[in-house]
Amino acid sequence: MIWGLATSHVPSIGAAMDRQKTEDPYWKPLFDGYAPAREWMARHTPDVAVVVYNDHANAVDMSVTPTFAIGAAASYEVADEGWGSRPVPTVVGAPEFSDHLVESLVDSSFDITVFQELAVDHGLTVPLSVYCPDPGESWPCAVVPLLVNVIQYPQPTAARCLALGKALGAAIRSFPEDLKVAVFGTGGMSHQLAGARAGLINQDFDRMYLDAIEHDPEKLAALTREDYIREAGSEGIELIMWLIMRGALGPRIRRVHDAYHVPASNTAAGMVLFDNLGA
Amino acid sequence: MSTSTPRVSGTYVFDIADNRRGRALNRLCGSLKDADNRARFSADEDAYCEAYGLTAEQRKAVLNRDWTRMLELGGSIFYVFKLAVLDQKSMQYLGGVFTGMTTEEFTQALKAGGRSFG
C-alpha cells in the first residue's frame, strides 16, 4: 500500500473541473490547495485504488440498502445523476483483486454485499478527479469501489469503519500479486444540506479531525453518530469513511499534504494525503 | 423514527421508517436520473405522480415545489435534489429555502465562513 488520501467529494468540485472554472476566484483557492498533493501522487502512481464512498441515489435506490458493499466488476459506467454524466472516462475495475478483498473481509466477519453491476456517481469520480484532474482517455489506475451506507439509519458506527479499515489493510497486504495500492476515504467535512441548520460549518471540528485522523484515529472512532451530526452536520457523518482509509494504512505513515477550504457549494472541503511507510 | 436514530434538532435524519413513509416520493425523484423520465415528468407532472403512487400530500408538495414539506413527508435530500436539478435549482437555492434566506444571502453566509450553531 503506497498512500492514503482523504478528500471531500462535493459534486460542484467535479463540475468546476468539467467546466474549466478552476481558475475562477471562487474555486482557485481550493484547487491551489490540492496542487502539492497532486504533484506528489502523480509521481507515486498506484496500480489499483480502493475508493471508499457512498452512492447518492444513483446506482443504489431505496429498495436495497447495503451497509458495506464492494464492486467486483471489470468496469463501471459513470452515472447520470440527473444533469447528465460527467465527461470523464469509464472506470476500469480490478475483478480478481475485488474477489480477494470480498473473501478476505467476509472471512474477517465483515459481511460485504457484492456489486457485479454498478454505475459510479460523483462520490467516486470527484475523488478520482481530485487525484488526477486530466485523465485523458483513461484513469491512471484501476479502481475497486467500496460503498458505505451513510444515508439511511442505522448507519455503521465510526468504530466499525475503523475496524473495517484495519481488516481491509490486512486483506490488501495478503493479495498474492505484487500490486501498488492506494486507498481513498471520501466525503464530508462540515456538511448540512437540509433543515434549519443548513449551511452549518464547524471549522474547529473539521481542523481537529484533519489533525486527529493522523495522530489519534481511535478518538474519532469513539465519537457517536450523534456527535458527528451535531458537530459536522447530517451529511458530515460521511467523515466516518475517512476512518476506513486510515485503518487500512500501516502503523507508520507520513503526512504529505493537507488542505482545507470554505466554501465548496454548501459545505467545507478538506483533504489530507498520507504516505504509507510500511510496517 | 426508530428509537436508535440520532436526534439533532434542525436536521432531518433519514431512517428505515422514513424510507417506508417516503418511498413513493423518493422513487419518483430518483427516477429523474434518467433523461426519458425527466421528459415524461415535465410533460405531465400530475400523471407522473399518479403513476408513482404518491399520497395526496406528497403530490401536493411535489407540484407546489414545497421542498421542506417533501422532507417532512419522508423525502431524502439526495432524492429530492434531483427534482430541484430538473428545475435548474442549485443546492444553494435549497439551502436558502430551508433557512428562510435568498439564494444570494445563503451563498454569502457560506462565503463568510458558513453558519455556526452553539
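Residues numbered from 1 in each chain as written. Chains lettered and ligands numbered in written order. Predicted model: local features only at pLDDT ≥ 70, side-chain atom pairs only at ≥ 80, totals over all residues. Heavy atoms only, no water.

Participant: Give me unusual backbone geometry: which residues, what numbers.
Facilitator: Following Tyr153(A), the chain continues into Pro154(A) via a peptide bond in cis, with omega recorded as 0°. Take Pro154(A): it is sitting in the loop between strand S7 (142–148) and helix H5 (158–173). Met189(A) follows Gly188(A) through a cis peptide bond whose omega is 0°. Position of Met189(A) relative to the elements: it lies in the loop between strand S8 (181–186) and helix H6 (203–215). In this structure, Gln88(B) is a non-glycine residue whose phi angle is positive, near 60°. Position of Gln88(B) relative to the elements: it lies in the loop between helix H7 (77–86) and helix H8 (91–99). A residue is classified by how much of its surface remains accessible, and Gln88(B), at 76% relative accessible area, is exposed. (Helix = DSSP H or I, 4+ residues; strand = E, 2+ residues; numbered from the N terminus. Buried < 20%, exposed > 50% of the residue type's maximum accessible area, 1.4 Å probe, protein only.)

Participant: Describe in detail the sheet that holds strand S3 (residues 68–71) of chain A, supporting the description with residues and values.
Facilitator: Backbone-to-backbone hydrogen bonds pair the strands of a sheet. The strands run either parallel or antiparallel. Residues and elements named next belong to chain A. The mixed open sheet is built from 8 strands, whose spatial order is S6-S3-S7-S2-S8-S1-S10-S9. Single-partner strands in this sheet number two, and they are strand S6 (113–115) and strand S9 (252–264). Averaged over neighbouring strand pairs, the angle between their axes works out to 15° when direction is ignored. By the bridge criterion, 5 bridges tie strand S2 (residues 48–53) to S8 in an arrangement that is parallel. Looking across to S8, one finds that Val48 is bridged to Val181. Packed onto the sheet, helix H9 (residues 240–248) meets strand S1 (3–7), S2, S3, S7, S8, S9 and strand S10 (267–278) and runs at close to 155° relative to S8. (Pairing = 2+ DSSP bridges. Axes fitted to C-alpha atoms, helices over the stretch in contact; angles between N-to-C directions. Contact = heavy atoms within 4.5 Å.)

Participant: Can you explain H8(B)? Please cite residues and give values.
Facilitator: All names here are of chain B. Here H8 lies mainly inside the structure; 7 of its 9 residues are buried. Tucked into the core, H8 has its buried residues touching helix H6 (67–72), H7 and helix H9 (103–111). Downstream of H8 by one or two residues, Gly100 has phi in the positive range, about 70°.

Participant: I'd like a description of H5(A), backed by residues and values.
Facilitator: Because each turn of an α-helix spans 3.6 residues, side chains separated by three or four positions end up pointing in the same direction. Here H5(A) is 16 residues long and its end C-alpha atoms lie 23 Å apart, about the 22 Å a rise of 1.5 Å per residue gives. When H5(A) is considered as a whole, its buried residues turn out to be Ala158(A), Cys161(A), Leu162(A), Leu164(A), Gly165(A), Ala167(A), Leu168(A), Gly169(A), Ala171(A) and Ile172(A). (Expected span 1.5 Å × (residues − 1).)

Participant: Residues and numbers for the packing of aromatic side chains, please.
Facilitator: Taken as a whole and judged by the stated rule, the model has 14 aromatic pairs over all chains. With centroids separated by 6.2 Å and ring planes inclined at 65°, the aromatic side chains of Trp83(A) and Phe81(B) adopt a geometry described as edge-to-face. Of this pair, Trp83(A) sits in the loop between strand S4 (75–76) and strand S5 (91–92) while Phe81(B) sits in helix H7, which puts the two residues in different chains. Note on Phe81(B): relative accessible area 15%, which makes it buried. Consider the rings of Phe205(A) and Tyr209(A), whose centres lie 6.0 Å apart with planes at 40°: the pair is tilted. On the criterion of helical spacing, the pair formed by Phe205(A) and Tyr209(A) is a turn pair, its members being 4 residues apart in helix H6. On the basis of relative accessibility, which here comes to 8%, the residue Phe205(A) falls in the buried class. Ring pairing ties together the aromatic residues Tyr26(A), Trp27(A), Phe31(A) and Tyr34(A), which thus form one cluster. (Phe/Tyr/Trp six-rings, centres within 6.5 Å; stacked < 30°, edge-to-face > 60°.)

Participant: How would you explain the interface of chain A and chain B if you had to name every residue and give the values?
Facilitator: Between chain A and chain B, the residue contacts involve 41 residues of the former and 39 residues of the latter. Both sides of the chain A and chain B interface together cover about 3,500 Å² of buried area, and 64% of this is carbon and sulfur. Residue Asp80(A) pairs with Arg38(B) through a salt bridge whose shortest N-O separation is 3.2 Å. At the surface where chain A touches chain B, the tally comes to 19 residue pairs in polar contact (both at pLDDT 80 or more). Elements with a minimum of two residues in the side of chain A that touches chain B: helix H8 (225–232) and S9 of chain A. Element by element, the count of residues in the side of chain A that touches chain B is highest for H8(A), at 4 residues. Here the side of chain A that touches chain B is built from residues that sort into 17 nonpolar, 15 polar and 9 charged. (Buried area = accessible area lost by both parts, 1.4 Å probe. Salt bridge = Lys/Arg side-chain N within 4 Å of Asp/Glu carboxyl O. Polar contact = N/O pair within 3.5 Å; in protein donor to acceptor, adjacent residues only side chain to side chain. Nonpolar A, V, L, I, M, F, W, Y, C, P; charged D, E, K, R; others polar.)

Participant: Describe the nonpolar core, and please don't skip the residues or the numbers.
Facilitator: All names here are of chain A. Counting 97 residues, the largest nonpolar core has Val50, Phe97, Leu168, Val183, Tyr209, Tyr228 and Leu243 as the members making the most contacts within it. Tyr228 has contacts with Ala158, Phe205, Tyr209, Leu220, Leu223, Gly233, Gly236, Ile237, Leu239, Ile240 and Leu243, leaving out every residue within four places of it along the chain. Ranked by size, the runner-up nonpolar core spans 44 residues in total, among them Ile2, Ala69, Leu118 and Leu124. (Core = buried A, V, L, I, M, F, W, Y, C linked by side-chain atoms within 4.5 Å.)

Participant: Tell me what's going on with the packing of helix H1 (residues 11–18) of chain A against helix H4 (residues 122–131) of chain A, and back it up with residues and numbers.
Facilitator: Packed helices, taken two at a time, are described by the angle their axes make and the gap between the axes. Residues and elements named next belong to chain A. Where H1 contacts H4, the axes come no closer than 9 Å and their chain directions differ by 50°. As far as their axial angle goes, H4 and H1 are oblique. The handedness of the crossing between H1 and H4 is left-handed. Taken together, the residues of H4 that come into contact with H1 (itself represented by Pro11, Ile13, Gly14 and Met17) are His122, Val126, Ser129 and Val130. When the residues that make up the contact of H1 with H4 are grouped by side-chain class, the tally is 5 nonpolar, 3 polar and no charged. (Parallel < 35°, antiparallel > 145°, perpendicular 65-115°, else oblique. Left-handed = near helix turned anticlockwise from the far one by under 90°.)

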